[in-house]
Amino acid sequence: QVQLVESGGGLVQPGGSLRLSCAASGFTLDAYAIGWFRQAPGKEREGVSCRNSRDGRQYYADSVKGRFTISRDNAKNTVYLQMNSLKPEDTAVYYCATAMYSSCGYEYTYWGQGTQVTVSS
């Protein structure tokens, strides 16, 4: 059974950091691209980051470049999103997803349940 489970969200002050985890089961994620998305209240879902499995190329939304980093631990079958210098506008539910292809850019068909990130004083 293919499954993605996010964790690591929570409440953090502006300027703080969080590391989100996306644990995969039912498949070996090192063969596939994994993307991170977020959806804030009143806004549409947006792409945050994605990493190709084939060449390791990483993509980031302009709004998070220099602050967020995507990484992978193949031994744990888990991908991470390290979020630094968090801003209130980063508040959203964060999702990981895969299209079951080796590169980013395809339609994402498998999604996790999401984890809430709230940035507030």
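Fair warning: this is a prediction, and the values are worked out from it, not measured in the lab.

### Quick notes on the pairing of strand β4 (residues 34-39)
No. 1: In terms of residue burial, β4 counts as a mostly covered element, since five of its six residues are buried.
No. 2: Here β4 runs beside strand β5 (residues 46-51); their pairing, made up of five bridges, is antiparallel. Note that in β5 the partner of phenylalanine 37 across the bridge is glycine 47.
No. 3: Remark: six residues form the turn of the hairpin made by β4 and β5, two consecutive strands paired antiparallel; glycine 42 in that turn has positive phi of roughly 75°.
No. 4: Relative to strand β9 (residues 92-98), β4 is paired through five bridges, and the arrangement is antiparallel. Note that in β9 the partner of glycine 35 across the bridge is alanine 97.

### Some words on the nonpolar core
No. 1: Among the nonpolar cores identified, the biggest contains 25 residues, and Trp36, Phe68, Leu81, Met83 and Tyr94 are the most heavily contacted of them.
No. 2: Elements with a contribution of two residues or more to this core: β3 (18-25), β4, β7 (68-73), β8 (78-83), β9 and β11 (115-119).
No. 3: Counting residues per element, this core draws most heavily on β3, which supplies four residues.
No. 4: Sequence-distant contacts of tyrosine 94, that is, excluding residues within four places in its chain, are made with Glu6, Leu20, Phe37, Arg38, Val48, Phe68, Leu81, Met83, Gly114, Thr115 and Val117.

### Brief notes about unusual backbone geometry
No. 1: The phi dihedral of serine 85 falls on the positive side, at around 50°, and the residue is not glycine.
No. 2: Relative to the assigned elements, serine 85 resides in the loop between β8 and β9.
No. 3: Classification of serine 85 as partly exposed rests on a relative accessible area of 40%.
No. 4: For methionine 100, which is not glycine, the phi dihedral falls at a positive 65°.
No. 5: If you trace the backbone, methionine 100 turns up in the loop between β9 and β10 (110-111).
No. 6: For methionine 100, a relative accessible area of 23% corresponds to the partly exposed category.

Rules used in this analysis
Residues numbered from 1 in each chain as written. Predicted model: local features only at pLDDT ≥ 70, side-chain atom pairs only at ≥ 80, totals over all residues. Heavy atoms only, no water. Buried < 20%, exposed > 50% of the residue type's maximum accessible area, 1.4 Å probe, protein only. Helix = DSSP H or I, 4+ residues; strand = E, 2+ residues; numbered from the N terminus. Pairing = 2+ DSSP bridges. Core = buried A, V, L, I, M, F, W, Y, C linked by side-chain atoms within 4.5 Å. Contact = heavy atoms within 4.5 Å.

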